[in-house]
Amino acid sequence: MARRRRAHKRVLLADPKFESDLVGRLIAYVMKEGRKSVAEGIVYGAIEGIRGKVEEDPLVVLAKAVDNVKPRVEVRSRRVGGATYQVPVEVNRERQVALAMRWLISFSSQRKGVPMRQALALEVLDAYKSQGNAVRKREDTHKMAQANKAFAHYAW
């Protein structure tokens, strides 16, 4: 953590094609080593893949999928005395979206033998239906917080 001053939050621009902040943020999360055109190709290809499989607007499907994956609570390690406790804390809105997108991208990249754009589309569709690995990760996070709610009084 910085000691001098608080870090300024950068404002991410909306993507040029759909003018959606959510899609622009997803492109930023997919991007590696500054290769934005590659990330745009992956995300736009995934959106086209969603469009081919669902009658609904793909941006609505993406928003619903991210909403289904967002964790409401998580556990944080807190050292008290000589023991380390897993303390459940609520997750703020920005971090909820960040975690949801990170989980969607990581689980889609774990799908082997499938191009990334197709894997991302499949993972988003699974999350839209409240299935898939990203939703299971959210459920596991909630279960962990529920199991450790006895330590909630250690929250800071």
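Here the structure is a predicted model, which means the values were calculated and not measured.

Draft legend 1. Fine view of the packing of aromatic side chains. A full pass over the atoms with the stated rule returns one aromatic pair. In this arrangement the basic side chain of K17 is found over the ring face of Y44, its NZ or CZ atom lying 4.9 Å from the centre.

Draft legend 2. A look at the pattern of salt bridges. Scanning the entire structure with this criterion turns up nine salt bridges. Ionic pairing is found between E74 and R95, a salt bridge with its closest N-O pair at 3.0 Å. Placement of the pair is E74 in strand β1 (residues 73–80) and R95 in helix α4 (residues 93–109), with a sequence separation of 21 residues. Of the residues examined, E74 reaches a relative accessible area of 9% and is grouped as buried. Since its relative accessible area comes to 29%, R95 is described here as partly exposed. Two residues, R111 and E123, come together in a salt bridge whose shortest N-O distance is 3.1 Å. With a gap of twelve residues between them, R111 in the loop between α4 and α5 (116–128) and E123 in helix α5 connect regions that are remote in the sequence.

Draft legend 3. Focus on the side chain of Q96. As for its position among the elements, Q96 is in helix α4. Apart from residues lying up to four places away in sequence, Q96 is in contact with K70, P71, R72 and V91.

Draft legend 4. Focus on the pairing of strand β2 (residues 83–90). In this sheet, β2 lies alongside β1 in antiparallel orientation, the contact comprising eight bridges. The residue of β2 that forms the bridge with V73 is E90. Hairpin remark: β1 followed by β2, antiparallel, with two residues in the connecting loop; positive phi at G81, about 65°.

Draft legend 5. Spotlight on the nonpolar core. Core analysis: the biggest nonpolar cluster contains 33 residues, and V23, L26, V30, V43, V69, L120 and V124 have the highest contact counts within it. Counting residues per element, this core draws most heavily on α4, at eight residues. Beyond its immediate sequence surroundings of up to four residues, V30 is in contact with A39, I42, V43 and I105.

Draft legend 6. Region of the structure containing the packing of α4 against helix α6 (residues 132–147). One can describe the packing of α4 onto α6 by two numbers: an axis separation of 8 Å at closest approach and a directional angle of 130°. Classed by the angle they form, the pair α4 and α6 counts as oblique. For the pair α4 and α6, the crossing hand works out as right-handed. Only N133, A134, K137, R138 and T141 of α6 make contact with α4, whose side of the interface consists of W103, L104 and F107. Grouping the amino acids of the contact of α4 with α6 by side-chain chemistry returns four nonpolar, two polar and two charged.

Scoring rules and cut-offs
Residues numbered from 1 in each chain as written. Predicted model: local features only at pLDDT ≥ 70, side-chain atom pairs only at ≥ 80, totals over all residues. Heavy atoms only, no water. Phe/Tyr/Trp six-rings, centres within 6.5 Å; stacked < 30°, edge-to-face > 60°. Lys NZ or Arg CZ within 6 Å of the ring centre and 35° of its normal. Salt bridge = Lys/Arg side-chain N within 4 Å of Asp/Glu carboxyl O. Helix = DSSP H or I, 4+ residues; strand = E, 2+ residues; numbered from the N terminus. Buried < 20%, exposed > 50% of the residue type's maximum accessible area, 1.4 Å probe, protein only. Contact = heavy atoms within 4.5 Å. Pairing = 2+ DSSP bridges. Core = buried A, V, L, I, M, F, W, Y, C linked by side-chain atoms within 4.5 Å. Axes fitted to C-alpha atoms, helices over the stretch in contact; angles between N-to-C directions. Parallel < 35°, antiparallel > 145°, perpendicular 65-115°, else oblique. Left-handed = near helix turned anticlockwise from the far one by under 90°. Nonpolar A, V, L, I, M, F, W, Y, C, P; charged D, E, K, R; others polar.

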